[in-house]
Amino acid sequence: MTDPTSDELHDVQLRVNGATHVVRVPARRLLSDALRHDCGLTGTHVGCEHGVCGACTVLVDGRPVRSCLMLAVSAVDVDITTVEGLTEADGSLSPVQQAFADCHGLQCGFCTPGFLTTIAAGLRETPDPTEDEARDMIAGNLCRCTGYQNIVKAVLRGAEIERESLEARSARTSTTGDSA
């Protein structure tokens, strides 16, 4: 009989930000640790390691997940998006990232990656949030520095930037006749 707590390594393919990372990890390796140490994606921060603070939040198939509560071996056959994967294809900031910059939604920055991924998913679900909906959207993430006022403003600004971007793309499509 083998010891279930042994350090036997498992080959795991993680799809992160559109790229495949083949990692060799123990069964008990947390997704947060695999992303940081095995994939070299250090944008995902580890705060409490209990799923309370939200700093480690990533998107798994588009939904916010606490990566400190998920084992890397269970993350096969899913698409993972970290804060590094939120940027636009041309390398520019996403609407949520730009909104954080515009509204001074961060101070020390430790909690920021978790907020950004949480808000990105939240705005897909609620593209035109009220202030109360914005507060609900971020309620599961903790910040010790900002007092949340500018983060709420960033949620609302992110929605506004996304709407402006969609309108601009729509206008370009209608004037060029492109359907893409």
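Take the nonpolar core next. Core analysis: the biggest nonpolar cluster contains 22 residues, and Phe100, Phe115 and Ile119 have the highest contact counts within it. At the level of elements, helix H2 (95-103), helix H3 (112-125), helix H4 (131-138) and helix H5 (149-176) are the ones that each hand at least two residues to this core. If you tally residues by element for this core, the top one is H5, at six residues. Here Phe115 is in contact with Phe100, Ile138, Asn141, Leu142, Cys143, Tyr148 and Ile151, once residues within four sequence places are set aside. Grouped together as the second largest cluster of nonpolar side chains are 17 residues, Cys39, Val58, Ala75 and Ile80 included.

So, on to the sheet that holds strand E4 (residues 63-66). Across the sheet, five strands lie side by side as E2-E1-E5-E3-E4; this open sheet has mixed pairing. Looking along the sheet, the strands with just one partner apiece sit at the ends: strand E2 (19-26) and E4. Neighbour-to-neighbour, the strand axes of this sheet turn through a mean angle of 45°, independent of strand direction. Looking at chain direction, strand E3 (residues 57-60) and strand E5 (residues 79-81) are connected through two bridges and run antiparallel. Directly across from Leu59, in E5, lies its bridge partner Thr81. Its contacts with the sheet put helix H1 (residues 31-38) on strand E1 (9-16), E2, E3 and E5, and the angle it makes with E1 is roughly 80°. The sheet contacts of H3 involve E3, E4 and E5, and relative to E3 the element is tilted by about 40°.

Reading the values: the criteria
Residues numbered from 1 in each chain as written. Predicted model: local features only at pLDDT ≥ 70, side-chain atom pairs only at ≥ 80, totals over all residues. Heavy atoms only, no water. Core = buried A, V, L, I, M, F, W, Y, C linked by side-chain atoms within 4.5 Å. Buried < 20%, exposed > 50% of the residue type's maximum accessible area, 1.4 Å probe, protein only. Helix = DSSP H or I, 4+ residues; strand = E, 2+ residues; numbered from the N terminus. Contact = heavy atoms within 4.5 Å. Pairing = 2+ DSSP bridges. Axes fitted to C-alpha atoms, helices over the stretch in contact; angles between N-to-C directions.

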